[in-house]
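What follows is each chain in one-letter form.
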Amino acid sequence: MTATLQKARRVEMPPVSGGMEHEGPSRFRLAVRAYVRDKAAVVALIVLVLVVLAAMLAPFLTPYSPTEGSASERLQGIGTPGHPLGLDGQGRDVLSRILYGGRNSLVAGVVPVVVVFPIALTIGLLAGYAKGRVGEVLMRILDVIFAFPLVLLAIAIAAVFGAGLGNVMIAVGITLVPYLARVAYTATVQETGKDYVEAARAAGATVPQILWRELLPNVVSPLVVYATTLCGLTIVVTAGLSFLGIGVVPPTPDWGIMTSDGGKVLLEGYVYLAAIPGTVILIVSLAFNLIGDGLRDALDPRKQTS
Amino acid sequence: MTALITRRVVSTLLVLLGVSVVVFLLVQLVPGDPARVILGQNATPAAIAEVRQALGLDKPIVVQFMDYLGGLLRGDLGTSLIVNSPVIDIVLPRFMNTLILAGAALIICVGVGVPLGLLAAKKQYSVFDRASMFISMTGASVPVYWMALLLIGFFGLTLGWFPTSGMYDSREPGGLPDLLLHLVLPAVAAALVPLAVIARMTRSVTLEVLEQDYVRTLRASGLPESTILWRHALRNALPQIVTVIGLQVGYLLGGVIFVEVVFGWPGLGGQLYTSISQRDMPTIQAGVLFIAVVFVAVNLLADISVGVLDPRSRKQAVA
Amino acid sequence: MTTPTPPAKTGSPATAPVLEIRDLSVEFATDSGTVRAVDHVDLTVEKGGILGLVGESGSGKSVTALCILGLIGSRRAKITSGEVRFQGEDLLTKTERQMRDVRGGRIGLVSQNALSALDPSFRIGDQLIEVIRLHQHVDKATAARIALDSLDIVALPDAARRMRSYPHELSGGQRQRVVIAIALACRPQLLIADEPTTALDATVQQQILDLLLDINKNLGTSMLMVTHDFGVVAHMCTTVAVMRKGRIVEQGEAGEIISFPRQPYTQGLMNAVPRLRLSETERAVPRSQRRLPVFVEESAFAERADYATV
């Protein structure tokens, strides 16, 4: 119902005057209302905000250093007085390492997506609008990149650049470009075929106007949804690179290297040291996925009607 | 039909050519002079020049690539910088081990994921549906390396059911039964994430199929629900399910890398891990190349199966 | 599992109706409360007769038809009252397993979407054989022979070769013939046709209707024709029931109702039929009645375009 109405309205409106801003607020409010209805997505958002806050406020939440421990007090279990999550193999406070490590893990997981987003959007928009040979060539190039499993490509590039948080982010960022660009490309090709773009063209809109005012708002929505879900994946992958020793450099904490450190004492029976950071990764990744699902439904005009 | 297969094979060969370009370029991305990296900071210019010539680094990049490609076609993947033996001899046996692990994981993925998705679709909105979809939503977010460690901790240490490392018992290797015993935990760990995604996708594809008009015709013909689901719905959902499975093999292979590291499985992933820490570029290249080729081959297979499965595309190929 | 029941059950006289629906009500739970889609409906299909169930879309006619087969197909729907007596047995009290023998065995369904009513992944012959073997417990060769007979009955050209075709290789009309063949394969006593010609070209529509009429005459199959088209009723039905908002507003002999509709709604439905189709029935409708200002109180549905287009 709403979908058809919006489409109809968009066709009627002179496209060059920029109909989107006019609809903006009500559309946004509809989306928020639809999002709030999805309980899982709301909980996921709250959890994510709490995790981010905890990582930011780490110095206020824990008195211990995340990188220095005492050799005399190593491998203490959960619930040790003063150390609610215990101490790791080098006598470091696990809670502190989770909180400070969260800064690195969250940044490494999210920043590549955020940085690559506009690049991929531009590539997808231009190639999708040009279609024809440009789009064709681009898709063939992407096919080659897609021949590498995502994790493998990230590992290969990170391996080449060497360890370090910055290198990991570059490696993951490069890996993500084709994934995001393909979604933007597909969305653009789909939208370009619709009536309102035809109407804008007929009304004499220039190519930049069509791209910026007509296509962009409709391509951004699916891309935001996809990017959110991708964050759930990049959190796992970047931590995984640290797990393999090509991420953060010790003693810098992050959830991946903590899982790896925990793995080293696993056979001595200290399962919790690997279990805790991995669980945090899982929770954050799941939160991103649920938020992505919630956004997808919230931005879908067909599901906005109450 | 043959036309369809030919077309797919040709485009796959082009993709493989692109893959070799990317793998070749990987070395070019290494910061600094590879010769200097090999010889260390204190090498003399003469020694560096000698190594550069030996590695062909003094030639134009296009020539270098042609040399590399020529080597690939002859099965020559270069020489390891560390152990001084042909890379192919290092990589090939490990590649077989990786295929065993990945194959086992794939069997679990498909064997559990597809029926799970079908049943969830059949019982849409039931407790079973909600529970299995929540679990698979969570499962899709699971870090493989963490899952692998937890499996070791629980089934290996606490319960002591399965060995926690390697492919065979190191003291008395016991052939196939021993291999299978060692295979269980790594295969389950590698299967989990793609299994979750396959179950979710199977469910949504099956739901779509069950809404089709012909399902009503089948019901009105008196067919039992089980026949409708396992024969007709599955058959019609299969092309899409196969496509999803093909793509999920990518995640599966990525996960296998971690699983091999955690379980000490003597495969490509474990080798990649070692080679990365040693900065042994030719071996890294070979590992990456082999995994990519497997992924491409699986998707070619999936593409062709989809063509064979769908009578409509079969018809088109003939016309 | 039992073999298909012979047409006339012992105890029921030859003139007993094949199908009797008494006081049937179906309710749908929606977000904005309960909607009664079928409201205390009574219907009778005489043995060998064709009952036309007529109404606009959403009037509850399709739901009624699917109720007979126990296939309402929505977990929000509930049958709240009534009985569906088929050859003396109440179908509503049967178990799902018993109903499976009725479906396709004793009652056949021809559904409205001819183009998508066949499973696209299976050969025509295999789909027929599957149903035949399900109900008749014969070996594959016998089933294939029965299948071929069925395709001959529906006059599918080149039937033997078509057995090996996939649905997409057939035209819409041919596909609907196959659907009818499947529905008839086990010689049901009742055939439910739910708008069987909707998806088809005008010329093909006529052929399909004539085919159904032939089947009724030659095989004696009783039929329930669900339609919104009074032209169809005039062409083939012996009795007719007009349905509106879940209720039967008028029913009786087809000729009589076409000639003297008592309800303005019925009149409206008749007027909505394309001229071409109505020509023969038009003569039967007195001029005075045709000019009655029937749309005054029914303006809401008079605006609907459905009737003119199909």
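Residues numbered from 1 in each chain as written. Chains lettered and ligands numbered in written order. Predicted model: local features only at pLDDT ≥ 70, side-chain atom pairs only at ≥ 80, totals over all residues. Heavy atoms only, no water.

Identification of chain C as ABC transporter ATP-binding protein from Herbiconiux gentiana is taken from an unreviewed UniProt entry. Among the UniProt annotations of chain C, the heading Sequence similarities (unreviewed entry) holds the following wording: "Belongs to the ABC transporter superfamily." In its Subcellular location (unreviewed entry) section, the UniProt entry covering chain C states "Cell membrane". (UniProt positions renumbered as here; feature names shortened; annotations may be inferred.)

As recorded in an unreviewed UniProt entry, chain B goes by the name ABC transporter permease, listed as coming from Herbiconiux gentiana. The UniProt entry for chain B carries the following comment under Sequence similarities (unreviewed entry): "Belongs to the binding-protein-dependent transport system permease family." UniProt annotates chain B under Subcellular location (unreviewed entry) with the comment "Cell membrane".

### What about the overall build of chain B?
The helix and strand tally for chain B stands at 13 helices and zero strands. Secondary structure elements of chain B, listed N to C terminal, follow the sequence α-α-α-α-α-α-α-α-α-α-α-α-α. With the C-alpha coordinates aligned to their principal axes, the bounding extent of chain B is approximately 85 × 60 × 35 Å. When the 319 residues of chain B are sorted by exposure, 51% land in the buried category. Nonlocal contacts in chain B, meaning residues at least 24 apart in sequence, comprise 72% of its contacts between residues at least 6 apart. Accessible surface, chain B: about 14,600 Å² in total, of which carbon and sulfur atoms supply 66%. In chain B, the 21 positive side-chain charges and the 18 negative ones have mean positions that sit 12 Å from each other. (Helix = DSSP H or I, 4+ residues; strand = E, 2+ residues; numbered from the N terminus. Buried < 20%, exposed > 50% of the residue type's maximum accessible area, 1.4 Å probe, protein only. Contact = heavy atoms within 4.5 Å. Areas by Shrake-Rupley, 256 points an atom, 1.4 Å probe, with all protein chains shown as cover. Lys, Arg positive; Asp, Glu negative; His and termini not counted. Charge placed at Lys NZ, Arg CZ, Asp CG, Glu CD.)

### Looking at the UniProt feature "transmembrane region" (unreviewed entry) in chain B
Residues and elements named next belong to chain B. With numbering aligned to this structure, UniProt lists the feature "transmembrane region" (unreviewed entry) at residues 12-30, 99-121, 133-159, 179-199, 241-266 and 286-309. A distance of 28 Å separates the end C-alpha atoms of residues 133-159, which is 81% helix and 0% strand. Helix and strand shares over residues 179-199 are 100% and 0% respectively, and the end C-alpha atoms of the span are 28 Å apart.

### A look at the side chain of A:Thr228
All names here are of chain A. Structurally, the position occupied by Thr228 is in helix α10 (residues 207-243). Given a relative accessible area of 12%, Thr228 falls into the buried group. Setting aside anything within four residues of it in sequence, one finds Thr228 in contact with Phe288, Ile291, Gly292 and Leu295.

### Focus on the sheet that holds strand β1 (residues 19-30) of chain C
Residues and elements named next belong to chain C. The sheet built from four strands is open, its strands ordered β2-β1-β4-β5 with antiparallel pairing. On the outer flanks of this sheet lie β2 (33-45) and β5 (89-90), each paired with one strand and no other. Bridge count for strand β4 (residues 77-86) against β5 is two bridges, and the pairing is antiparallel. Counted as the bridge partner of Arg85 is Asp90 from β5. Helix α1 (residues 61-69) rests against β1, β2 and β4 of the sheet, and its axis sits at about 110° to β1. (Pairing = 2+ DSSP bridges. Axes fitted to C-alpha atoms, helices over the stretch in contact; angles between N-to-C directions.)

### Description of the interface of chain A and chain B
Chain A puts 38 residues into the contact, and the matching count from chain B is 41 residues. Surface buried jointly by chain A and chain B totals about 3,500 Å² across both partners, of which 84% is contributed by carbon and sulfur atoms. Where chain A packs against chain B, one counts one salt bridge. Of the charged contacts, one joins A:Asp293 and B:Arg200 as a salt bridge, the two residues approaching to 3.7 Å between their closest N and O atoms. Put simply, the parts of the chain that give the side of chain A that touches chain B at least two residues each are α6 (132-146), α7 (150-161), α10, α11 (255-264) and α12 (272-298) of chain A. Of the residues forming the side of chain A that touches chain B, the biggest block, eleven residues, is contributed by α12(A). Classifying every residue of the side of chain A that touches chain B gives 27 nonpolar, nine polar and two charged. (Buried area = accessible area lost by both parts, 1.4 Å probe. Salt bridge = Lys/Arg side-chain N within 4 Å of Asp/Glu carboxyl O. Nonpolar A, V, L, I, M, F, W, Y, C, P; charged D, E, K, R; others polar.)

### Considerations on the confidence of the model for chain C
Chain-level statistics for chain C give a pLDDT mean of 80 and a share of 82% at 70 or above. The complex model carries a pTM of 0.83, and its ipTM stands at 0.85. (pLDDT = per-residue confidence, 0-100.)

### Quick word on the environment of B:Leu81
Residue and element names in this part refer to chain B. Among the secondary structure elements, Leu81 is positioned in the loop between α4 (61-73) and α5 (87-122). Leu81 gets classed as partly exposed once you look at its relative accessible area, which sits at 35%. With 16 residues separating them in the primary sequence, Leu81 and Phe65 have C-alpha atoms 19 Å apart.

### Some thoughts on unusual backbone geometry
Following A:Pro250, the chain continues to A:Pro251 via a peptide bond in cis, the omega torsion being 5°. Here A:Pro251 shows up in the loop between α10 and α11. Positive phi, close to 60°, is recorded for C:Asp158, a residue that is not glycine. Its place among the elements puts C:Asp158 in the loop between α4 (140-153) and α5 (159-162). At C:Lys245, a residue that is not glycine, the phi angle is positive and equals roughly 50°.

### A short note on the packing of α4(C) against helix α6 (residues 172-184) of chain C
Residue and element names in this part refer to chain C. Taken N-terminus to C-terminus, the directions of α4 and α6 make an angle of 125°; their axes are 9 Å apart at the nearest point. One finds that α4 runs oblique with respect to α6. Note on packing geometry: the crossing formed by α4 with α6 is right-handed. In this structure, α4 contributes Ser150, Leu151 and Ile153 to the contact, and α6 contributes Val178, Ala181 and Leu184. (Parallel < 35°, antiparallel > 145°, perpendicular 65-115°, else oblique. Left-handed = near helix turned anticlockwise from the far one by under 90°.)

### Concerning the UniProt feature "domain: ABC transmembrane type-1" (unreviewed entry) in chain B
UniProt records the feature "domain: ABC transmembrane type-1" (unreviewed entry) at residues 95-302 of chain B, using the numbering of this structure. End C-alpha to end C-alpha, residues 95-302 of chain B measures 21 Å, and it is 83% helix and 0% strand.

### Remarks on the pattern of salt bridges
Enumeration over the complete set of coordinates arrives at 26 salt bridges over all chains. One salt bridge connects A:Lys264 with A:Asp261, and the closest N-O pair in it is separated by 3.5 Å. Here A:Lys264 pairs with A:Asp261, and both are found in helix α11, just three residues apart, close to one helical turn. Residue A:Lys264 is classed as exposed on the basis of its relative accessible area, which comes to 60%. The class for A:Asp261 is partly exposed, based on a relative accessible area of 22%. Across the pair C:Glu89 and C:Lys94 runs a salt bridge, and its minimum N-O distance is 2.7 Å. C:Lys94 carries the same exposure label as C:Glu89, and that label is buried.

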